[in-house]
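# Structure assessment
If you want the building blocks of each chain, they are given just below.
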Amino acid sequence: MNRTMKAGSELRFTLDIAEDPFRIGCDVHPWMGAWCFVGRHPLAVVTGETGQFRIGEVDAGTYEVDAWHEELGRRSAVVIVGAEEDGSVEFVFRKP
């Protein structure tokens, strides 16, 4: 989809199916862009400036956690959350 926009305008649309991350860009200004992810799971977060994240209020159990970086790809890990303790996982992304 390609849309022409004027300064100060906004574009809204609804994505109702899950999508892998995809880039939204500007054909005129190549430095302008954003990444969009459409997921079906209610437990999704964006990391802070230091790369840390927290997903709060989950039931005790075993979970698969996925992390994604726009240049370095995807990582997955299993994390176990206890009834009285937080689970923890660390993802390492290295440039090739």
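Now for a quick tour of the structure. Quick caveat: nothing in here was measured; it's all calculated off a predicted structure. (Residues numbered from 1 in each chain as written. Predicted model: local features only at pLDDT ≥ 70, side-chain atom pairs only at ≥ 80, totals over all residues. Heavy atoms only, no water.)

Time to look at a nonpolar patch on the surface. On the surface, a nonpolar cluster with roughly 570 Å² of combined accessible area is contributed by Met1, Met5, Leu11, Phe13, Leu15 and Ile24. With respect to the helices and strands, the residue Leu15 is situated in the segment before β1 (19-25). (Patch = residues over 30% accessible without salt bridge, like charges linked within 9 Å, V, L, I, M, F, W, Y side chains within 5 Å. Areas by Shrake-Rupley, 256 points an atom, 1.4 Å probe, with all protein chains shown as cover. Salt bridge = Lys/Arg side-chain N within 4 Å of Asp/Glu carboxyl O. Helix = DSSP H or I, 4+ residues; strand = E, 2+ residues; numbered from the N terminus.)

Applying the stated criterion to the full structure yields two aromatic pairs. Ring centres 5.1 Å apart and planes at 65° place the aromatic pair Trp35 and Trp68 in the edge-to-face group. With Trp35 in strand β2 (residues 33-38) and Trp68 in strand β3 (residues 61-69), this residue pair connects regions lying 33 residues apart in the sequence. We classify Trp68 as partly exposed; its relative accessible area is 35%. (Phe/Tyr/Trp six-rings, centres within 6.5 Å; stacked < 30°, edge-to-face > 60°. Buried < 20%, exposed > 50% of the residue type's maximum accessible area, 1.4 Å probe, protein only.)

Before going further, it helps to examine the pattern of salt bridges. Two side chains of opposite charge can pair, provided their charged atoms sit close to one another. Per the counting criterion, the structure on display carries three salt bridges. Residues Glu10 and Arg12 are paired through a salt bridge, measuring 2.5 Å at the closest nitrogen-oxygen approach. Taking the relative accessible area as the measure of exposure, Arg12 reaches 71% and is therefore exposed. A salt bridge links Arg54 to Asp86; the shortest N-O distance between them is 3.3 Å. Of the two residues, Arg54 sits in the loop between β2 and β3 while Asp86 sits in the segment after β4 (73-81), which places them 32 residues apart along the sequence.

Geometric values such as these leave the question of function open.
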